[in-house]
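Chain residues, written in single-letter form:
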Amino acid sequence: MTSIPAGWYPNPENDLEVRYWDGLQWTTHVQNAVAEKSDAPSSRPRKRRTGRGNTQKRRAPIWVVATTGAAALLLGVGIGAGSDADAANRSTISDLEQQLTLSQEENTTAATALDDAVKSHDEQAAALTEERDDLSDEIETLTKSVEDLTAKVAEAEAKTSSEKQRADAAEAQAAAAVPSTESEPATSPTPTYFQNCSAARAAGAAPVYAGDPGYGPHLDRDGDGVGCE
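By convention here, each chain's residues receive numbers from 1 onward along its written sequence. Predicted model: local features are reported for residues with pLDDT of at least 70 only, side-chain atom pairs are reported and counted for 80 or more only, and whole-chain, interface and lining totals are derived from all residues. With hydrogens and water stripped out, all remaining heavy atoms of the structure feed into the side-chain values.

Visitor: What should I look at first to understand the overall build of the protein chain in this one?
Guide: Counting its secondary structure elements, the protein chain contains 3 helices and 5 strands. Along the protein chain, helices (α) and strands (β) appear in the sequence β-β-β-α-α-α-β-β when read from the amino end. Scored against the burial criterion, the 229 residues of the protein chain give a buried share of 12%. Residues are treated as being in contact if the distance between any of their heavy atoms lies within 4.5 Å. When contacts within the protein chain are restricted to residue pairs at least 6 apart in sequence, long-range pairs at least 24 apart make up 16% of them. Surface accessibility in these figures is a Shrake-Rupley result with a 1.4 Å probe; residues are shielded only by whichever protein chains are displayed. Of the roughly 18,800 Å² of accessible surface on the protein chain, 55% is carried by carbon and sulfur atoms. Under the DSSP-based scheme used, a helix requires at least four consecutive residues in state H or I and a strand at least two consecutive residues in state E, with every element numbered from the N terminus. Categorising residues by exposure relies on relative accessible area from a 1.4 Å probe, with only protein chains included: less than 20% of the type maximum marks a residue as buried, more than 50% marks it as exposed, and the intermediate range marks it as partly exposed.

Next comes the structure, spelled out in structure tokens:
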């Protein structure tokens, strides 16, 4: 881009003014174009004409016209180049905006996917926590059942041991009450026989029941198991 030297140039926004160009950009300093030309040095002496009404006419110096034309030409070239640069910048900005929009959409999609993953993870964690709590309750119930069964088994074992001890004691007592067969010879019991009911009554055995010593069918004529009724 061609660099325009600093100076006063026609104001692009007002043809009746000149505006100061600092070499890079327009400044806010403006003034009347006629005043600026009157302040500029002239290569020719001013001429005055006297006549009717004492009118006076000024002509702009050639160097002012030439300088103004050159400045306008350079400014036009600069503006044209600036227009091309602005178009390129606008295209670049448009591309960047499209990339930004695409990036924002991708970020939104990624954020949505992340939220869904976090939600799914939280749901799975909650389900696992609930399942763990259920298992803990079952384990506690089973533990209590095992403890109850262990207590019952211990109670049953204690009762069995007590009954065994009592049985052993009774067996020992019974063994002590049985006379020794080694000291006395064994004698065969004499069978009891009653010839008739009179004999049974005389012996004091009447009535005689079935299974008692001396019972016999001849004593029980009706066969009801009781003889000598």
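Visitor: Got a minute to help me understand the sheet that holds strand β1 (residues 7-11) in this structure?
Guide: Strand-to-strand pairing in sheets goes through backbone hydrogen bonds, with the strands running parallel or antiparallel. Spatially, 3 strands are ordered β1-β2-β3 in an open sheet, and the strand pairing comes out antiparallel. Each edge of the open sheet is held by one strand with a lone partner, namely β1 and β3 (26-32). Mean inter-strand twist for the sheet, computed between neighbouring axes without regard to direction, equals 40°. With 5 bridges connecting them, β1 and strand β2 (residues 14-21) associate as antiparallel partners. Bridge pairing in β2 places G7 opposite W21. A strand pair is defined by DSSP finding two or more bridges across the two strands. The convention used is that axes are lines fitted to C-alpha atoms, helices contributing only their stretch in contact, and that angles between N-to-C directions extend from 0 to 180 degrees.

Visitor: I would appreciate a short explanation of the state of the cysteines in the present structure.
Guide: Joining two cysteines, a disulfide is a covalent bond between their sulfur atoms. When the sulfur atoms of two cysteines come within 2.5 Å, that pair is taken as a disulfide. One pass over the full model with this rule turns up 1 disulfide. One disulfide bridge connects C197 with C228, the sulfur atoms lying 2.2 Å from each other. The chirality of the disulfide connecting C197 with C228 is left-handed, given an S-S dihedral of about -95°. Of this pair, C197 sits in helix α3 (residues 197-202) while C228 sits in the segment after β5 (226-227); the two residues are 31 residues apart in sequence, bridging distant segments of the chain. Of the residues examined, C228 reaches a relative accessible area of 6% and is grouped as buried.

Visitor: Would you mind showing me how to read the packing of aromatic side chains here?
Guide: What characterises a pair of aromatic rings is the spacing of the ring centres plus the angle enclosed by the ring planes. Any two rings among Phe, Tyr and Trp, with Trp reduced to its six-membered ring, count as a pair given centres within 6.5 Å; such a pair is stacked if its planes are under 30 degrees apart, edge-to-face if over 60, and tilted if neither. Per the counting criterion, the structure on display carries 2 aromatic pairs. Note on W8 and Y20: the rings are 5.3 Å apart at their centroids and 65° apart in plane angle, and the pair reads as edge-to-face. Placement of W8 in strand β1 and of Y20 in strand β2 is noted, with a sequence separation of 12 residues between them. Judged by its relative accessible area of 27%, Y20 is partly exposed. Considering the side-chain rings of W21 and W26, the 5.2 Å spacing of their centres and the 80° angle between planes classify their relative orientation as edge-to-face.

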